[in-house]
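Breakdown of the fold
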Amino acid sequence: MTDHRFTNRLSEASSPYLLQHAHNPVNWYPWSEEALALAKAQDKPIIVSVGYSACHWCHVMERESFENEDIAAIMNEHFICIKVDREERPDVDQVYMDAVHAMGLQGGWPLNVFLLPDQRPFYGGTYFPAQGWVKLCNQIGGVFKNQRTELEKSAEGFMQTLGKSEVEKYGLTVQENGFSKDKLRDMASKFAENFDLNKGGNNRAPKFPMPVIYSFLLREGSINNNQASLNHVERTLNNMAWGGLYDQVGGGFTRYSTDMDWFVPHFEKMLYDNGQLVSLYSEAYQKFKTPLYKDIVYQTIDWLEREMTSPENGFYSALDADSEGEEGKFYVWTLEEIEEILGADAAVLIDYYNITGGNWEQNKNIPFRSGEDQLIAEKHDINIEELQDIVVSANHKLLQARASRIRPGLDDKILTGWNGLMLKGLCQAFGVFKEDKFLEMALKNAQFLVENIHSDGKLKRNFKNGVASIDAYLEDYTATIEAFIALYEVTFDEIWLQYARSLTETTLENFFDKEEDLFFFTSDQSEKLIARKKEIFDNVIPSSNASMAHNLHKLGILLEEQSYADISLRMIQRIDRIVNMAPQDLAYWASLYSNLTYPTAEIAMVSSNPQVAMHALNQNFIPNKVIVAKKPNMMSNLALLQNRDQINDQTTFYLCYNKACQLPVNSVDEVQAQIKS
């Protein structure tokens, strides 16, 4: 509960998470020069408390400890207290999460770390119950005053670990072993060790969507004709789409499932998950032609447009799990509500969404599907088309009824990298489904990024209330570059490749470590923290180094820029040993590896309507391709389009592999045959 008797410096923040703490009795500061200088001036240790707005246990710890005046008094007496939104400042989060791991502790959020006045960490943890937190704060306050040398020793040890580069830590030496389909199959078999062969995903809860994994398996399965990989992609995507993980009524995926069946979600919805899942389901539709996947893409983009798009056409970050202090309250239904709202259609929907007197908790139902549409249709003496019409109509009525409820909190900050992930998803969805609305949303979002986030080849991380205040991180650059490449490949407007090149040059100048062939997470122009990290491993967002390696590989071909391709190759060669050893943690690198097992299909199209040709080409899944196009007699700056024109006054496709070209053809079927041969 907000207590306006207290106001701290977070009241001036743009982050909704920081603003939630603006009226705590704790004298919070944002991460800032002011707070860090004050710690040194007053010679006080620092508490850095990191969280994010949709984090359930962050809210619990605030309620139990940070809103408690007695506990706040102890924190204020002994410490300079700093609150960090991990989504705005992933660099700070990354450094101190690594510190907690170096302490041998489990990471997570809320992340609470104790620092010396010079920012060196000496202790930390995640959620602490109020009694334990009070005891810990008092103990550390006393030790700092009376036995400070002990804390200094601890900090020194952790700094040695934090100071190691990722290359040193993981033994990342360049391996020139080549790239083989057999090794690719071996990687897939390592993933298969953890398959849940019943419901898809991994064989333990909680279950996260992790689209980057299924994107790799889709590629490996297609390249190697590995039916086990392809079956698992279908199994996983079907069950995720049928489960409570997916908002059956309103669209959009929640962050994870607490159980093995994708049934009970942690109800927060994150933009980064949904952007990647729109891409994945679009690609899976190309491969499998499953109508369910198309429905998921359309419904998720409807949710994006309805609930997550700002007036400026940026995309918001997240929706909380909680409303009215209760997790999932906005999304669950009683049997009586379903009957009252749907009337004559209720009986069908009760079966379709498995509604009972309470399929989750007493008289609380999470809609989910069994996938047995034919059986449900037969039971109610209707055909599949009539069932689908009833479901669409019922969802509309339920959505209208739900709109009158108190909504979960909206994290309305706009983050560049996350917008890039969704922008790429919209481009891929448009490429596959030919839905003009998807391209319109993509172009508006891209224009928003150019006008509000981008300036002179550099990006900002965030946007809120008309202000972009934080320098962008590597993940912002890589996701935006990927999105602009994807936007070129569905519009063929070369301005998007020009932006991609400009941003790539910035990353090479300000982020790249030439000695280690990898990119730092932070720019050399940005604030210096106690350690400068490189992100190697995937998390819920793909590794920013892997993403950059993908970009350099693709731009190397599109722009005929050999230096880009050379850097990408050195990057994957440096990761070669660990991606073969532990691909489960490096799935986006594994996808790049898959692209290097055979030459990229370079497809140049000359057509009076390039988008029609592009849509036709995108009706099939081609895991490793670049597409360029122009209209007849039109100038282009791209080498792949030089001396290319229509033949027989028809759309003409030119297919090349590694600078060796096939004969030009006039139909998608012919170019597909060339690709397969």
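Residues numbered from 1 in each chain as written. Predicted model: local features only at pLDDT ≥ 70, side-chain atom pairs only at ≥ 80, totals over all residues. Heavy atoms only, no water.

**Details of the pairing of strand 4 (residues 111-115)**
Side-chain direction in a regular strand flips from residue to residue, so the side chains alternate between the two faces of the sheet. We apply this condition: The buried label goes to any residue with under 20% of its type's maximum accessible area, the exposed label to any with over 50%, and the partly exposed label to all in between, with areas taken from a 1.4 Å probe on protein chains only. By the criteria applied, helices consist of DSSP H or I runs no shorter than four residues and strands consist of E runs no shorter than two, each listed in order from the N terminus. Strands pair, by our definition, only if DSSP identifies at least two bridges between them.
The buried fraction of strand 4 is high, at five of five residues. With burial as the criterion, each face of strand 4 is covered, one bearing Leu111, Val113 and Leu115 and the other bearing Asn112 and Phe114. Sheet analysis places strand 4 next to strand 5 (residues 121-125), joined by four bridges and oriented antiparallel. Counted as the bridge partner of Phe114 is Tyr123 from strand 5.

**What to know about the sheet that holds strand 20 (residues 625-630)**
This is how the line gets drawn: Throughout, a residue-residue contact means that at least one pair of heavy atoms, one from each residue, lies within 4.5 Å. Working convention: axes come from line fits to C-alpha atoms, limited for helices to the stretch in contact. Angles between N-to-C directions cover 0 to 180 degrees.
On the basis of which strands lie adjacent, the open sheet formed by four strands has the order 20-19-21-22 and mixed pairing. Here the strands that pair on one side only, and so sit at the sheet edges, are strand 20 and strand 22 (660-661). Pairing between strand 19 (residues 601-606) and strand 21 (residues 652-657): six bridges, direction antiparallel. The residue bridging Val606 from the neighbouring strand is Thr652, located in strand 21. Packed onto the sheet, helix 22 (residues 544-558) meets strand 19 and strand 20 and runs at close to 40 degrees relative to strand 20.

**So, the state of the cysteines**
One way to say it: the disulfide is the covalent bond shared by the sulfur atoms of two cysteines. We count it as follows: Cysteine sulfur atoms are paired as a disulfide whenever they come within 2.5 Å of each other.
Within the structure shown, the criterion is met by two disulfides. Between the sulfur of Cys55 and that of Cys58 lies a disulfide, 2.3 Å long from S to S. A torsion of 80 degrees about the S-S bond marks the disulfide between Cys55 and Cys58 as right-handed. Judged on exposure class, the residue Cys55 and its partner Cys58 are both buried. Across the disulfide, Cys656 is cross-linked to Cys661 (sulfur-sulfur distance 2.0 Å). Disulfide Cys656 to Cys661: torsion about the S-S bond roughly 95 degrees, handedness right-handed. By relative accessible area, which is 4% here, Cys656 ends up buried. Ordinal numbering of bonded cysteines along the protein defines a disulfide pattern of 1-2, 3-4. Cysteine Cys81 remains unbridged, with the sulfur of Cys137 as its closest cysteine sulfur at 7.6 Å.

**Re the packing of aromatic side chains**
This is how it is decided: Aromatic pairs are defined between Phe, Tyr and Trp rings, using the six-membered ring for Trp, whenever the two ring centres lie within 6.5 Å; interplanar angles under 30 degrees are classed as stacked, those over 60 as edge-to-face, and all others as tilted. For a lysine, the NZ atom is tested; for an arginine, the CZ atom; a charge sits over a ring if that atom is within 6 Å of the ring centre and within 35 degrees of the ring normal.
What the rule picks out here adds up to 33 aromatic pairs. With centroids separated by 5.8 Å and ring planes inclined at 70 degrees, the aromatic side chains of Tyr298 and Phe433 adopt a geometry described as edge-to-face. Placement of Tyr298 in helix 13 (residues 291-307) and of Phe433 in helix 18 (residues 416-433) is noted, with a sequence separation of 135 residues between them. Here a set of aromatic residues connected by ring pairs shows up, and it is made of Trp28, Phe66, Phe79, Phe114, Phe122, Phe128 and Trp133. Positioned above the aromatic ring of Trp28, the side-chain terminus of Lys83 is 5.2 Å from the ring centre. When the ring centre of Trp109 is taken as reference, the NZ or CZ atom of Arg86 above it lies at 3.9 Å.

**As for the environment of Lys464**
To keep things clear, this is the line we draw: Counted as a polar contact is a pair of N or O atoms within 3.5 Å, where, for protein atoms, one must be capable of donating a hydrogen and the other of accepting one, and residues adjacent in sequence contribute only when both atoms are in side chains.
By the secondary structure assignment, Lys464 is in the loop between strand 16 (462-463) and helix 20 (474-491). Distance from Lys464 to Thr149, taken between C-alpha atoms, is 43 Å for residues 315 residues apart in sequence. If near-sequence neighbours (up to four positions away) are discounted, Lys464 is found in contact with Ser14, Pro16, Leu19, Asp412 and Lys413. A polar atom in the side chain of Lys464 sits 3.3 Å from the side chain of Asp412.

**Some thoughts on the packing of helix 9 (residues 181-192) against helix 10 (residues 211-224)**
What counts here: Working definition: roughly parallel below 35 degrees, roughly antiparallel above 145 degrees, roughly perpendicular at 65 to 115 degrees, and oblique for all remaining angles. In this scheme the crossing of two helices becomes right-handed for a clockwise turn of the near helix relative to the far one and left-handed for an anticlockwise turn of less than a right angle.
For the pair helix 9 and helix 10, interaxial distance at closest approach is 10 Å and the crossing angle is 135 degrees. It follows that helix 9 is oblique to helix 10 by the angle criterion. For the element pair helix 9 and helix 10, the recorded crossing hand is left-handed. In this structure, helix 9 contributes Lys181, Leu184, Arg185, Met187, Ala188 and Phe191 to the contact, and helix 10 contributes Ile213, Phe216, Leu217, Glu220, Ile223 and Asn224.

**Section: the sheet that holds strand 2 (residues 46-51)**
Overall, mixed pairing links the five strands, which are arranged 1-3-2-4-5 in an open sheet. Across the chains shown, the open sheet's two edge strands, defined by having one partner strand only, are strand 1 (28-30) and strand 5. Adjacent strand axes in the sheet meet at a mean angle of 25 degrees, parallel and antiparallel pairs treated alike. Bridge count between strand 2 and strand 4: five bridges; the pairing is antiparallel.

**With respect to unusual backbone geometry**
Of note, the amide linkage connecting Trp109 to Pro110 takes the cis form, showing an omega dihedral of 5 degrees. With respect to the element layout, Pro110 can be found in the loop between helix 5 (90-102) and strand 4. Cis geometry is adopted by the peptide bond preceding Pro206, which originates at Ala205 and carries an omega value of 0 degrees. Topologically, Pro206 is positioned in the loop between helix 9 and helix 10.

**Re the nonpolar core**
Inclusion rule: Put simply, buried Ala, Val, Leu, Ile, Met, Phe, Trp, Tyr and Cys residues joined by side-chain atoms within 4.5 Å make one nonpolar core.
The biggest cluster of nonpolar side chains holds 185 residues, and the ones touching the most others in it are Met75, Trp133, Tyr281, Trp589 and Met605. Counting residues per element, this core draws most heavily on helix 20, which supplies 11 residues. When near neighbours in sequence (up to four residues on either side) are disregarded, Met75 contacts Val26, Trp28, Ile47, Phe66, Cys81, Trp133 and Cys137. In terms of nonpolar packing, the next biggest core, distinct from the first, is built from 26 residues, Val50, Val84, Leu162 and Ala531 among them.

**Quick notes on the pattern of salt bridges**
Selection criterion: Salt bridges are counted wherever a side-chain nitrogen of Lys or Arg sits within 4 Å of a carboxyl oxygen of Asp or Glu.
As enumerated under the stated definition, the model contains 41 salt bridges in all. Across the salt bridge formed by Arg89 and Asp91, the nearest N and O atoms sit 3.0 Å from each other. Judged on exposure class, the residue Arg89 and its partner Asp91 are both buried. Its salt-bridge partner being Lys533, residue Asp98 comes within 3.4 Å of it at the nearest N-O pair. A residue pair is termed long-range when its members are at least 10 positions apart, and Asp98 in helix 5 and Lys533 in the loop between strand 18 (518-519) and helix 22 qualify at 435 residues. Where salt bridges share partners, they join Asp43, Asp118, Arg120, Arg148, Glu152 and Glu156 into one cluster.

**Observations regarding helix 6 (residues 130-146)**
The cut-off we apply is this: A helix is expected to span 1.5 Å for every residue after the first. By arc we mean the arc of the directions from the helix axis to the C-beta atoms, nothing more.
Taking 1.5 Å per residue as the helical rise, helix 6 with its 17 residues ought to reach 24 Å, and the 24 Å between its terminal C-alpha atoms agrees with that figure. Taken together, the buried positions of helix 6 are occupied by Trp133, Leu136, Cys137, Ile140, Gly141 and Phe144. Down the axis of helix 6, the buried set is contained in an arc of 130 degrees. They therefore lie on one face. Exposed side chains of helix 6 directed beyond 90 degrees from the buried face belong to Gln131, Lys135, Lys145 and Asn146. Each element contacted by the buried residues of helix 6 is listed here: strand 2, helix 3 (56-66), helix 4 (69-78), strand 4, strand 5 and helix 7 (148-162).

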